[in-house]
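# Coordinate analysis (summary)
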Amino acid sequence: MMKILSVSFVAVVAFILSCGKEPSREELAGQAAKACYDHLIAGRYDEFVAATAGTDSLPESYREQLVVNARQFAALQKSEHNGICAVEVLRVKVDSLSGRTDAFLMLCFGDSTWEEVVVPMIERNGRWMMR
């Protein structure tokens, strides 16, 4: 019983300490990369494309092609793997020399397979976006 109380106390203290902590740049980049793929899973292809840096200044016809490509990619994953059912952030790596930030995500598929992907990220005006 004492062991359970000790473990519970440590868990509560860790939770309280983590609540006040500001997320790191790496955590923010990873959360943003995951959110992008969550848009893809949910069928929000416009939002997936909008989360890519530079797409706001593209001609509408080209932007629409990117939306169609995202829809086709999701359909392909659905036919080959029963779709992407979850995304997890594995790690985020920042190269201090080049300034490059890469989010490593795990795509979990409906057929119980998984794939690790690297998503290059860039921060623009305080917002993390896919590169």
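Below is a short write-up of the structure. Only a predicted model underlies this, so the values are computations on that prediction, with no experimental measurement involved.

The next subject is helix α2 (residues 25–41). In this model α2 runs 24 Å from its N-terminal to its C-terminal C-alpha over 17 residues, within 8% of the 24 Å that 1.5 Å per residue would give. By the burial criterion, the buried members of α2 are Ala-29, Gly-30, Ala-32, Ala-33, Cys-36, Tyr-37, His-39 and Leu-40. Buried residues along α2 sit in contact with α3 (45–50), α4 (60–81), β1 (84–94), β2 (101–109), β3 (114–124) and β4 (127–130). Gly-43 occupies a position one or two residues after α2 and carries a positive phi of about 80°.

A few words now on the nonpolar core. Core analysis: the biggest nonpolar cluster contains 25 residues, and Tyr-37, Leu-40, Phe-48, Val-119, Met-121 and Met-130 have the highest contact counts within it. Other than its neighbours up to four places away in sequence, Leu-40 contacts Tyr-45, Phe-48, Ala-70, Phe-73, Ala-74 and Ile-84.

What follows deals with the environment of Val-87. The residue Val-87 is located in strand β1 in this model. Owing to a relative accessible area of 5%, Val-87 belongs among the buried residues under this scheme. Between the C-alpha atom of Val-87 and that of Ala-33, which follows or precedes it by 54 residues, the distance is 9.5 Å. If we skip the residues at most four places from it in the chain, Val-87 touches Lys-34, Tyr-37, Asp-38, Ile-41, Leu-105, Met-106 and Leu-107.

This part takes up the sheet that holds β3. Judged by pairing direction, the sheet is antiparallel, and its four strands sit side by side in the order β1-β2-β3-β4 without closing on themselves. Edge positions in the sheet fall to β1 and β4, since each has one partner strand and no second. Strand-to-strand twist across the sheet, computed as the mean angle between neighbouring axes with direction ignored, equals 35°. With nine bridges connecting them, β1 and β2 associate as antiparallel partners. Paired with Lys-93 across the strands is Asp-102, a residue of β2. The sheet contacts of α2 involve β1, β2, β3 and β4, and relative to β1 the element is tilted by about 155°.

The next subject is the pairing of β2. Strand residues, when the strand is regular, have side chains that alternate between the two faces of the sheet. Across the nine residues of β2, nine count as buried, placing the element largely inside the fold. Because side chains alternate across β2, one face comprises the buried residues Thr-101, Ala-103, Leu-105, Leu-107 and Phe-109, and the other comprises Asp-102, Phe-104, Met-106 and Cys-108, equally buried. Note: β2 against β3, eight bridges, orientation antiparallel. Counterpart to Leu-105 in the pairing with β3 is Val-117.

Once that is clear, we can look at the pairing of β4. In this structure, β3 lies alongside β4, joined through four bridges in antiparallel fashion. Bridge pairing in β4 places Met-121 opposite Met-130. What sits between the antiparallel neighbours β3 and β4 is a turn of two residues, in which Asn-125 has the positive phi angle 55°.

Calculation rules
- In this numbering scheme, every chain counts its residues from 1 along its sequence in written order.
- In keeping with the model being predicted, local features are shown solely for residues with a pLDDT of at least 70 and side-chain atom pairs are shown and tallied solely at 80 or more, while totals for entire chains, interfaces and linings include all residues.
- Only hydrogens and water are set aside; all other atoms, that is, all heavy atoms of the structure, feed into the side-chain values.
- Each helix is a run of H or I in the DSSP string that is no shorter than four residues. Each strand is a run of E no shorter than two, and both are numbered from the N terminus.
- A helix is expected to reach a length of 1.5 Å times the quantity of its residues less one.
- Three labels apply to residues, based on accessible area from a 1.4 Å probe with only protein chains included: buried if under 20% of the type maximum, exposed if over 50%, partly exposed otherwise in between.
- What makes two residues a contact is simply this: any of their non-hydrogen atoms within 4.5 Å.
- Residue types Ala, Val, Leu, Ile, Met, Phe, Trp, Tyr and Cys, when buried and joined through side-chain atoms within 4.5 Å, form a set referred to as a nonpolar core.
- Pairing between two strands is assigned when DSSP locates at least 2 bridges connecting them.
- Convention adopted: a line fitted to C-alpha atoms gives each axis, helices being fitted over their contacting stretch, and angles between N-to-C directions are expressed from 0 to 180 degrees.

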